[in-house]
Amino acid sequence: MNSAKSVVLIGMMGAGKSSVGRLLQRRTGLARFDTDELVAAEFGIPVPEIFAKHGEERFRDAETDVLRKLFLPYPTIIVTGGGIVLRQENVALLKRLGTIVWLAADEATLFERASRRADRPLLQTGNPRAAFSDLLRKRRSLYAAAADFEVDTSRLSHDEIADEILDKIDKLAVTTR
């Protein structure tokens, strides 16, 4: 990877951001920061508990605060929560940090992956599938607008996703010189 910018992963829950972020960290040797982990550390409790005790709005405020503080003098891998694009300020901060990669997939694949974890706060409803569809419908255009490029993860392994990201970033670095 020749880019001097950080790699910022965005996308819905279930897109593979955390797994691919860890893989990119191993493959590039860059440090990795996960905004959900940073917010959880600020509160001293896991993200689902933050949502339960303080609500989504307080979580989103903390998420923005974490981004405001996250100005790094060297390239890193930055993994974000699925709702980070809901605030335009967050998108502007992410764009200053690095190249934004939207990890996308078809709805059925995303929902199946996201459902593997029972602790997804925004899916704790009477109809998780409908809630997921609504979230995706509201966020899809925000991801598209924020991203420098998109990688469809629907049928790719984590290694294939990482290869595609690193290849596209190298190509972007060449074309912007």
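Quick caveat, the model's predicted, so the values are computed rather than measured.

Enquirer: Can you tell me about helix H6 (residues 128–146), naming the residues and giving the values?
Expert: Under the 1.5 Å per step criterion, the end-to-end length of H6 is 26 Å for 19 residues, consistent within 8% with the ideal 27 Å. Of all bends in H6, the biggest is about 35°, found at Arg 139. Within H6 the residues assigned to the buried category are Ala 131, Phe 132, Leu 135, Leu 136, Arg 139, Tyr 143 and Ala 146. Where H6 is buried, its residues contact strand E1 (6–10), helix H3 (47–69), helix H4 (88–97), strand E4 (98–104) and helix H5 (107–114).

Enquirer: Tell me about the sheet that holds E4, residues and numbers included.
Expert: Paired through backbone hydrogen bonds, the strands of a sheet run either parallel or antiparallel to each other. Strand order across the open sheet formed by five strands is E2-E3-E1-E4-E5, with parallel pairing between neighbours. Pairing within the sheet leaves two strands with one partner each, and these edge strands are strand E2 (32–34) and strand E5 (149–152). Looking at each pair of strands side by side, their axes are set apart by 25° on average, direction ignored. By the bridge criterion, four bridges tie E4 to E5 in an arrangement that is parallel. Directly across from Leu 103, in E5, lies its bridge partner Val 151. Where helix H1 (residues 17–28) meets the sheet, its contacts fall on E1, E2, strand E3 (77–79) and E4, and the angle it forms with E3 comes to roughly 170°.

Enquirer: Describe the nonpolar core, with residues and values.
Expert: Residues Leu 9, Ile 10, Leu 24, Leu 103 and Ile 165 are the most contacted members of the largest nonpolar core, which totals 44 residues. Apart from the residues lying within four places of it in its own chain, the contact partners of Leu 24 are Val 7, Leu 9, Gly 29, Ile 77, Ala 162, Ile 165 and Leu 166. Judged by nonpolar contacts, the second largest core, of nine residues, contains Val 39, Val 47, Ile 50 and Val 66.

Enquirer: Break down the packing of aromatic side chains for me, with residues and values.
Expert: In total, this model carries three aromatic pairs according to the counting rule given. When the centroid spacing of 4.9 Å and the interplanar angle of 40° are considered together, the rings of Phe 51 and Phe 59 count as tilted. Since its relative accessible area comes to 14%, Phe 51 is described here as buried. For Phe 59, a relative accessible area of 2% gives the class buried. Here Phe 111 and Phe 132 contribute two aromatic rings whose centre-to-centre distance is 5.5 Å and whose plane-to-plane angle is 65°, an arrangement assigned as edge-to-face. Linking Phe 111 in helix H5 with Phe 132 in helix H6, this pair joins segments that are 21 residues apart in sequence. Each member of the pair, Phe 111 as well as Phe 132, is classed as buried.

Rules used throughout
Residues numbered from 1 in each chain as written. Predicted model: local features only at pLDDT ≥ 70, side-chain atom pairs only at ≥ 80, totals over all residues. Heavy atoms only, no water. Helix = DSSP H or I, 4+ residues; strand = E, 2+ residues; numbered from the N terminus. Expected span 1.5 Å × (residues − 1). Bend = angle between axes of the 7 residues up to and from the residue. Buried < 20%, exposed > 50% of the residue type's maximum accessible area, 1.4 Å probe, protein only. Contact = heavy atoms within 4.5 Å. Pairing = 2+ DSSP bridges. Axes fitted to C-alpha atoms, helices over the stretch in contact; angles between N-to-C directions. Core = buried A, V, L, I, M, F, W, Y, C linked by side-chain atoms within 4.5 Å. Phe/Tyr/Trp six-rings, centres within 6.5 Å; stacked < 30°, edge-to-face > 60°.

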